[in-house]
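Fold and geometry: a report
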There are 2 protein chains.
Amino acid sequence: MSTSPLLEQLIDALRCLPGVGQKSAQRMAYHLLERERAGGRRLAERLAEAMEKVGHCERCRDFSESPLCPICSSPARDAQTLCIVETPADRLAIETATGYRGLYFVLQGRLSPLDGIGPRELGLDVLAARLATGEVAELIVATNPTVEGEATAHYLAQLARGHGVRPSRPAHGLPLGGELEYTDRGTLAHAFGTRAEILR
Amino acid sequence: MSTSPLLEQLIDALRCLPGVGQKSAQRMAYHLLERERAGGRRLAERLAEAMEKVGHCERCRDFSESPLCPICSSPARDAQTLCIVETPADRLAIETATGYRGLYFVLQGRLSPLDGIGPRELGLDVLAARLATGEVAELIVATNPTVEGEATAHYLAQLARGHGVRPSRPAHGLPLGGELEYTDRGTLAHAFGTRAEILR
Ligand SMILES: [Zn+2]
Ligand SMILES: [Zn+2]
């Protein structure tokens, strides 16, 4: 028997967080009620606001609360260089670790025909239209060094060449089979700085 | 540079959860935005409601959204047996693992003079008044088998005897130095069932 149905509902709701099971959810709820009511209230407000207002940038598909995200709408960024990443977390990792000043395009996934994820699901029709304008000179393909990521990179390199855009790929140095998001900053910065053109 | 200030604020707010650092908070926020908006909204609502409405039961000090919790106000429970625990999590563990049908009293801590936690901070004046009424026949002292928990148990046993109440303690079998909350159900149920009277 619980002493509070509202507490039980909170524990249940916390389980929608990744990696949080019954025991962790319970510990979190008790912690908030015992020591962090202000933090819990702030979290409730920010959660509600983010779920309501954070959508996707029309141009780069990263998270954004305005139609164009701050990076895409910044005149200080170099529009001739476009970096393709799989996820917002990868975009943030590159932005934090490297001195990159170009723009981004977030696939929100990778090509995976067996899961029904093709070029359209990754917004590659939108990307192709952008490459067709001629404003992009170099396409940095920073998909993960996994089998699917490499296949996606191969597809993107062909797409770029088809529009007269030079494709490149961050240098190896990324741990093979690993995830870009979890690569240490130094390795990531080095790999990004020594990227090589994709020759075929 | 972030693409969404609201997203950054959400990540920041998630860090008030225990055991959640920058990287986990980021993963949680992305997960909710990408795949669990409904769950995120529900969590926001339940958090707000729980932070607002869940207080403490006047009688047992466990969490409750009403002045008296459902256990304290249940006529089906045996008011002659009172079980003392350190935390709501301990109370829940006993309730889930054992067939106990008496009432509880939650210390919300343990005696720790160096931290300024004395009898009054644990509500022992309220407990003493309750023992003085004569309605309690047995006081089961289920504090954790740690140094401070044992010291607290000793104090409580003396308090009980002073009011003519028989103190008891769940049988050993609990791992020494461990936390009651994380004990497996079988061990906890066994220890609870074979509790022994505290003789001195
Ligand atoms: Zn954008
Ligand atoms: Zn109660």
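Residues numbered from 1 in each chain as written. Chains lettered and ligands numbered in written order. Predicted model: local features only at pLDDT ≥ 70, side-chain atom pairs only at ≥ 80, totals over all residues. Heavy atoms only, no water.

The condition is simple: UniProt positions are given in the numbering used here, feature names are shortened, and annotations may be inferred rather than shown by experiment.
As recorded in an unreviewed UniProt entry, chain A goes by Recombination protein RecR and comes from Coralloluteibacterium stylophorae. In its Sequence similarities (unreviewed entry) section, UniProt records this for chain A: "Belongs to the RecR family." Under Function (unreviewed entry), UniProt gives the following word-for-word description of chain A: "May play a role in DNA repair. It seems to be involved in an RecBC-independent recombinational process of DNA repair. It may act with RecF and RecO."

Re the overall build of chain A
Selection rule: Under the scheme used here, helices are H or I runs from DSSP no shorter than 4 residues and strands are E runs no shorter than 2 residues, and both carry numbers assigned from the N terminus. Classification of residues uses two cut-offs on accessible area relative to the type maximum, computed with a 1.4 Å probe and protein chains only: under 20% is buried, over 50% is exposed, and between them is partly exposed. By the convention used here, residues are in contact when the closest approach between their heavy atoms is within 4.5 Å. For accessible areas, the Shrake-Rupley method is used with a probe of radius 1.4 Å. Any residue's cover is judged against the shown protein chains and nothing else. The sign given to each residue is positive for Lys and Arg and negative for Asp and Glu; His and the chain ends receive no count. The atom standing in for a charge is NZ when the residue is Lys, CZ when it is Arg, CG when it is Asp and CD when it is Glu.
When you go through chain A residue by residue, the secondary structure sums to seven helices and seven strands. When the helices and strands of chain A are read in sequence order from the N terminus, they spell out α-α-α-β-β-β-α-β-α-β-α-β-α-β. The buried share of chain A, reckoned over its 200 residues, is 52%. Taking as baseline every contact in chain A between residues at least 6 positions apart, the subset at least 24 positions apart corresponds to 58%. For chain A, the exposed area adds up to about 9000 Å²; of that, 53% sits on carbon and sulfur atoms. Here chain A carries 23 positive and 25 negative side-chain charges, and the mean point of each set is 3 Å from the other.

Notes on the packing of helix α5 (residues 124–132) of chain B against helix α6 (residues 147–162) of chain B
Residue and element names in this part refer to chain B. What counts, and what does not: Angles shown run from 0 to 180 degrees and are taken between the N-to-C directions of axes, each axis being a line fitted to C-alpha atoms and, for helices, limited to the stretch in contact. The cut-offs work like this: below 35 degrees is roughly parallel, past 145 is roughly antiparallel, 65 to 115 is roughly perpendicular, and the gaps in between are oblique. Should the near helix be turned counterclockwise from the far one by less than a right angle, the crossing is left-handed, whereas a clockwise turn marks it as right-handed.
It is at 10 Å that the axes of α5 and α6 come closest, and there the two elements cross at 30°. The orientation of α5 with respect to α6, classified from their angle, is roughly parallel. Here α5 and α6 pass one another in a crossing that is right-handed. Every residue of α6 that contacts α5 at Leu124, Leu127, Ala128 and Leu131 is listed here: Tyr155, Leu156, Leu159 and Ala160.

Quick notes on the packing of aromatic side chains
Filter applied, for reference: In this analysis, rings of Phe, Tyr and Trp, with Trp reduced to its six-membered ring, are considered paired at centre separations within 6.5 Å, and the interplanar angle assigns stacked below 30 degrees, edge-to-face beyond 60, and tilted for intermediate values. Each ring is checked for a lysine NZ or an arginine CZ that lies within 6 Å of its centre and within 35 degrees of its normal; such an atom marks a charge sitting over the ring.
Counted by the stated rule, this structure contains four aromatic pairs over all chains. When the ring of Tyr30(A) is compared with that of Phe63(B), the centres are 5.6 Å apart and the planes differ by 20°; the resulting orientation is stacked. Pair noted here: Tyr30(A) is in helix α2 (residues 22–35) and Phe63(B) is in strand β2 (residues 63–64), and the two residues belong to different chains. By the burial criterion, Tyr30(A) is buried, and Phe63(B) matches it. Across the ring face of Tyr104(A), the terminal group of Arg91(A) is positioned such that the distance to the ring centre comes to 5.8 Å.

Notes on the coordination of the zinc ion (ligand 2)
All names here are of chain B. For clarity, the cut-off: Donor selection uses N, O and S atoms within 2.8 Å of the metal (3.2 Å for Na, K and Ca). Since no water is included, sites may look incomplete.
Looking at the metal site, the zinc ion (ligand 2) is ligated by Cys57 (SG), Cys60 (SG), Cys69 (SG) and Cys72 (SG), spaced 2.3 to 2.4 Å from it. Going along the chain, you hit the donors of the zinc ion (ligand 2) in the pattern C-x2-C-x8-C-x2-C. Remark: cysteine 72 occurs in the loop between β2 and β3 (78–85) and cysteine 57 occurs in the loop between β1 (55–56) and β2; sequence separation between them is 15 residues. Considered together, cysteine 57 and cysteine 72 belong to a single accessibility category, that of buried residues.

With respect to the coordination of the zinc ion (ligand 1)
All names here are of chain A. Bound to the zinc ion (ligand 1) on the protein side are Cys57 (SG), Cys60 (SG), Cys69 (SG) and Cys72 (SG), at distances that span 2.3 to 2.4 Å. Along the chain, the residues that donate to the zinc ion (ligand 1) are spaced as C-x2-C-x8-C-x2-C. Residue cysteine 57 is classed as buried on the basis of its relative accessible area of 2%. Cysteine 60 gets classed as buried once you look at its relative accessible area, which sits at 2%.

Looking at the nonpolar core
Heads up, the rule is: Take the buried residues of types Ala, Val, Leu, Ile, Met, Phe, Trp, Tyr and Cys, join any two whose side-chain atoms come within 4.5 Å, and each joined set is a nonpolar core.
Within the largest apolar cluster, 47 residues are counted, with the highest numbers of intra-cluster contacts made by Leu43(A), Leu47(A), Leu43(B) and Leu47(B). At the level of secondary structure, the elements contributing two or more residues to this core comprise α1 (5–14), α2 and α3 (37–53) of chain A together with α1 (5–14), α2 (22–35), α3 (37–53) and α4 (88–97) of chain B. With sequence-adjacent residues up to four places away left out, Leu43(A) is seen in contact with Leu10(B), Ala13(B), Leu14(B), Cys16(B), Leu17(B) and Leu47(B).

So, the side chain of His31(A)
Structurally, His31(A) is set in helix α2. The buried category is assigned to His31(A), whose relative accessible area is 17%. Apart from the residues within four sequence positions on either side, His31(A) is in contact with Glu36(A), Cys16(B) and Pro18(B).

Re the interface of chain B and chain A
Rules: Using a 1.4 Å probe, buried area is obtained as the accessible area two parts lose upon being combined, added over both of them. Whenever Lys or Arg places a side-chain nitrogen within 4 Å of a carboxyl oxygen from Asp or Glu, that contact is recorded as a salt bridge. Side-chain atoms alone can form a polar contact between residues adjacent in sequence; in general such a contact is a pair of N or O atoms within 3.5 Å, and within protein one must be able to donate a hydrogen while the other accepts it. Throughout, the ten residues Ala, Val, Leu, Ile, Met, Phe, Trp, Tyr, Cys and Pro are labelled nonpolar, Asp, Glu, Lys and Arg are labelled charged, and all others, Gly among them, are labelled polar.
Taken together, the contact pairs 56 residues of chain B with 56 residues of chain A. Of the roughly 5800 Å² buried at the junction of chain B and chain A (both faces included), carbon and sulfur atoms supply 67%. For the pair chain B and chain A, the number of links is two salt bridges. Between Asp12(A) and Arg46(B) there is a salt bridge, and its shortest N-O distance comes to 3.6 Å. For the pair chain B and chain A, the number of links is twelve residue pairs in polar contact (both at pLDDT 80 or more). Counting residues per element, the ones that place at least two in the side of chain B that touches chain A are α1, α2, α3, β2 and α4 of chain B. By residue number, the principal contributor to the side of chain B that touches chain A is α3(B), which donates 13 residues. Broken down by class, the residue content of the side of chain B that touches chain A amounts to 30 nonpolar, eleven polar and 15 charged.

Observations concerning the UniProt feature "zinc finger region: C4-type" (unreviewed entry) in chain A
Mapped onto this numbering, the UniProt entry gives "zinc finger region: C4-type" (unreviewed entry) at residues 57–72 of chain A. As annotated, residues 57–72 of chain A comprises 0% helix and 12% strand, and the C-alpha atoms at either end are separated by 8 Å.

Re the pairing of strand β3 (residues 78–85) of chain A
Residues and elements named next belong to chain A. Counted only if it meets this: Strands qualify as paired when DSSP identifies two bridges or more between them. Look down the strands so they point away from you; if the path from the first strand over the helix to the second goes clockwise, the crossover is right-handed.
By the bridge criterion, five bridges tie β3 to strand β4 (residues 102–106) in an arrangement that is parallel. In the strand pairing of β4, aspartate 78 is matched with glycine 102. As for the winding sense of the linkage, the β-α-β connection from β3 through helix α4 (residues 88–97) to β4 is right-handed. Judged from the four bridges that link them, β3 and strand β5 (residues 138–141) form a sheet pairing that is parallel.

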